[in-house]
Each structure stands twice: as structure tokens, then as C-alpha cells.
Amino acid sequence: MIKMSIIPLRERMEEISLLWLLFVTLLLICTTNQAHLTVSPSSSQLFKDEFVSLICEEDDSSAGWTLRRNTSKQQRTQCGDGWGKPAGSSCNISYIDPLESGVYWCESGEGPISNMVNLTVTGGSVILQSPVLPVMEGDDVTLLCKTKTTPSNLPAAFYKDGSLIRKQPTGHMTIQHLSRSDEGLYKCDISGHGESPSSWITVTEKPTTTPSPTTSAPPSSSVLSPDSSSLQLVFRVVLHLVVFCPYFISTVIMVSLYRCRAKGNYIHVCCKDPTRRG
């Protein structure tokens, strides 16, 4: 005879409820405890040897956020590992170099990551000061063409996707009421000084939520984070599920084994031995 052990239905339901609660808790921690990376000075382009501070802004300082980056020479290296100086939730780079151009982000030991920021460092004499973070539809954005050693109000020409937009006598250009068509690759040129690198400006869709009559109006677009877009939220949820999947499966197995051994309350089911007749 072959004996099989089956946990009673009531205990199995309790176990499933416990595991489901654990899963929801982990998911809530992943999706709500997020950091936002900001850069000071707030520009996607920087001059060589400029001082830069990158800050992981967060609600819970116990999350253990670490600043990481990808460059053409290094992948996923953290602040303090041969570059930058950690200072709490910040990372300071005293003399940034063109080789440090790349993608920067905050990462938690628990798995979640922040928004990503693309920084371009140039050894040239002209940069385009443009938004580091995506800009929302309907907002205004000002682009500033500046040199390293001369005043920032020199006449400049501005280009989008390689085509001239306009020439501005004061070196700055404001795009009003942004739309998705304004998204693209921008650069500027100051006669006699040179051309800036190109930077991509991202325009995010404005939420279409309608406030109920009994609630207050939603905050203005200047307060909303670009990371609240549905696409990025879905990406984060999928990423967290992938990261925590092995831990979740391991927990299911361990809890099942523990409850099985600890309770010792089994129902024995007799199965017919296939080697016997009758």
C-alpha cells in the first residue's frame, strides 16, 4: 500500500490566505516606496570639471537607496566605487568628466529603482541647459544655450531633430504649452563659440482624470511626478514581480513544509498497489 499525506482543507485555506497577504505586502512595499532622482545643477548637459550633486529623494530613509550608473566604460557601478562621494541620500561628483556621461538612477536593496536620468558631459565650450526629467503636456519649458566662460545671454540658434527652429538674441528659448509633437532631440549653437551636444526632451501625456464633485481638484501639473505615467508604473510592477519571484516561491515552499511538519494532522488516503491483483 502507498500512503499519501494531504493537509486538511481548512489549514490549506489558512496557508493560502497567509501567503496571499505576504505577496500583497511585498507588492505594496515595491510600488509605494519609490525614490526620485534629481540633479543639481538641474541640466541634462554639463561642462567638464563641473560640480554635480545627485539626490535620491525618498519618503522612507530606511529603504537604503544607492545611486548607480551605466557609462560606456562601466555598468551598474555605485557611488563611491571609484567615482563620486556618498553623502547620505546624495552623491557628489566634484569634477565630472566626459567619460562619466551616461544613465544614472537610484536603486534599493529590496529591488525597486527610481526614474533614470541621462547626463551628457562635454569638454566643449557650449551646452544646452534643458530639463533633466520628462516634461508634461501643456507645460512651458525654457531652453538656455550657455558658454562656460562668457555671459549666458549671447545670441543663439536652436535646433530640433537637426532642423533650425529659431534664432534668439538672448540665448534662451521658451516653448509654450508643450505637446507630444515637441518631443525630440534638441541642440543649440552660439556663433564663434561652437555647438552644444544634443539632448532628448521627453514629453509625457497629461492625466485625463476628472475630479468628482465632492473632492478637491487635482494638484497642478508642476507638482505631479513624471514617473506617475501608467507605462512606467506597469514597468515597475513587472520589474518588482520578476525580482521577488524567486523569494516568493521559496517562501511558499518553506511555509508549506513547516505547516505540514508542525501540525502533524494528516488524512491518510489508501491507494491501490498496482503490483497486486484484485
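Residues numbered from 1 in each chain as written. Predicted model: local features only at pLDDT ≥ 70, side-chain atom pairs only at ≥ 80, totals over all residues. Heavy atoms only, no water.

A. Summary view of the state of the cysteines. One pass over the full model with this rule turns up three disulfides. There is a disulfide in this structure between C79 and C91, and the S-S distance comes to 2.0 Å. Around the S-S axis, the bridge from C79 to C91 shows a dihedral of about 85° and counts as right-handed. In this pair, C79 sits in the loop between β6 (77-78) and β7 (85-87) while C91 sits in strand β8 (residues 90-93), placing the two residues 12 residues apart along the sequence. On the basis of relative accessible area, C91 is assigned to the buried category, the value being 1%. Across the disulfide, C145 is cross-linked to C188 (sulfur-sulfur distance 2.1 Å). A torsion of 80° about the S-S bond marks the disulfide between C145 and C188 as right-handed. On the criterion of sequence distance, the pair formed by C145 in strand β13 (residues 141-147) and C188 in strand β17 (residues 184-190) is long-range, its members being 43 residues apart. Overall, C145 belongs to the buried group, its relative accessible area being 0%. C188 sits in the buried class, given a relative accessible area of 0%. Each disulfide of the protein chain joins two cysteines, and with those cysteines numbered along the sequence the arrangement is 1-4, 2-3, 5-6. (Disulfide = S-S within 2.5 Å. Helix = DSSP H or I, 4+ residues; strand = E, 2+ residues; numbered from the N terminus. Buried < 20%, exposed > 50% of the residue type's maximum accessible area, 1.4 Å probe, protein only.)

B. View of the packing of aromatic side chains. Taken as a whole and judged by the stated rule, the model has one aromatic pair. Their ring planes at 80° and their centres at 5.9 Å tell us that W83 and Y104 sit as a pair that is edge-to-face. Placement of the pair is W83 in the loop between β6 and β7 and Y104 in strand β9 (residues 102-108), with a sequence separation of 21 residues. For the residue pair W83 and Y104, the accessibility class agrees, reading buried in each case. The cationic tip of R69 hangs over the ring face of W83; the distance from NZ or CZ to the ring centre is 4.1 Å. (Phe/Tyr/Trp six-rings, centres within 6.5 Å; stacked < 30°, edge-to-face > 60°. Lys NZ or Arg CZ within 6 Å of the ring centre and 35° of its normal.)

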